[in-house]
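# Examining the three-dimensional arrangement
Here is how the chains run, residue by residue.
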Amino acid sequence: LMVDRPQRTTSSPPALYGFIPRTYCAEEVAKRCPDVDVADGDPLDICVFSERHISRADIVLNARVIGGLQMIDDGEADDKIVAVLDGDNIWGNVRDIADLPPIQTERLQHYFSTYKMQPDKNIDIKVDYVYGREEALKVIAASEADYKNHYGHLHAEAKDGE
């Protein structure tokens, strides 16, 4: 178990928060974000809206992508994909981020613009641009290409060793 960043405040994510497997944010993701030259070097983040309370951190779930937030964190692209849990009773009919009540998107933007705050430390985070499903799918494709470019050889080596 590794804690990436213990939360110093009472703020908690307004949606399930995790990452998309087999993604990596590097050169191709950075190309999709104006004013940056690099991405954060992590898997692509995802926020999933669901009526279900899921408190475990070690699960994989099926979600439908509806959009995303372009986040720039200290000069690095750090997009947040937004999705809904597949078959969710409340959010299951949402097809695009524009279908969400605006307060849901505002809560995500506020959370990500403040979640790294610490006393006596300045943060440089912008979460101004919200995009729809089509752009989100392009960001995911870019992160999958970055993953393949950076880690594809590991999978090829594993197959050769079978």
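The structure under discussion appears in the preceding block.
A brief report on the enclosed structure follows.

The subject of this paragraph is the nonpolar core. Formed by 21 residues in total, the largest nonpolar core has its most connected members in L44 and I81. Contributing elements (two or more residues each) for this core: α1 (27-31), β3 (45-49), β4 (63-73), β6 (80-85) and α3 (133-160). Residues contacting I81, with those up to four places away along its chain left out, are I20, L44, D45, I46, C47, V65, G67, G68, Y131, A136, V139 and I140.

The next subject is the packing of aromatic side chains. Scanning the entire structure with this criterion turns up 8 aromatic pairs. An angle of 75° between the planes, with centres 5.0 Å apart, marks the rings of Y111 and F112 as edge-to-face. Here Y111 falls in the buried class, since its relative accessible area comes to 4%. Ring pairing ties together the aromatic residues Y17, Y111, F112 and Y115, which thus form one cluster.

Here we come to a negative patch on the surface. Where like charges cluster on the molecular surface, the negative patch consists of D42, D74, E76 and D124. Mapped onto the elements of the fold, D124 is located in the loop between α2 (102-114) and β7 (125-132). Judged by its relative accessible area of 45%, D124 is partly exposed.

Let's shift gears to the pairing of β3. The buried fraction of β3 is high, at 5 of 5 residues. Because side chains alternate across β3, one face comprises the buried residues D45, C47 and F49, and the other comprises I46 and V48, equally buried. With 4 bridges joining them, strand β1 (residues 16-19) and β3 adopt antiparallel strand pairing. The residue of β3 that forms the bridge with F19 is D45. As defined by bridge partners, β3 adjoins β6 across 5 bridges and the pair is classed as parallel.

Criteria and thresholds
- Residues numbered from 1 in each chain as written.
- Predicted model: local features only at pLDDT ≥ 70, side-chain atom pairs only at ≥ 80, totals over all residues.
- Heavy atoms only, no water.
- Core = buried A, V, L, I, M, F, W, Y, C linked by side-chain atoms within 4.5 Å.
- Buried < 20%, exposed > 50% of the residue type's maximum accessible area, 1.4 Å probe, protein only.
- Helix = DSSP H or I, 4+ residues; strand = E, 2+ residues; numbered from the N terminus.
- Contact = heavy atoms within 4.5 Å.
- Phe/Tyr/Trp six-rings, centres within 6.5 Å; stacked < 30°, edge-to-face > 60°.
- Patch = residues over 30% accessible without salt bridge, like charges linked within 9 Å, V, L, I, M, F, W, Y side chains within 5 Å.
- Areas by Shrake-Rupley, 256 points an atom, 1.4 Å probe, with all protein chains shown as cover.
- Salt bridge = Lys/Arg side-chain N within 4 Å of Asp/Glu carboxyl O.
- Lys, Arg positive; Asp, Glu negative; His and termini not counted.
- Charge placed at Lys NZ, Arg CZ, Asp CG, Glu CD.
- Pairing = 2+ DSSP bridges.

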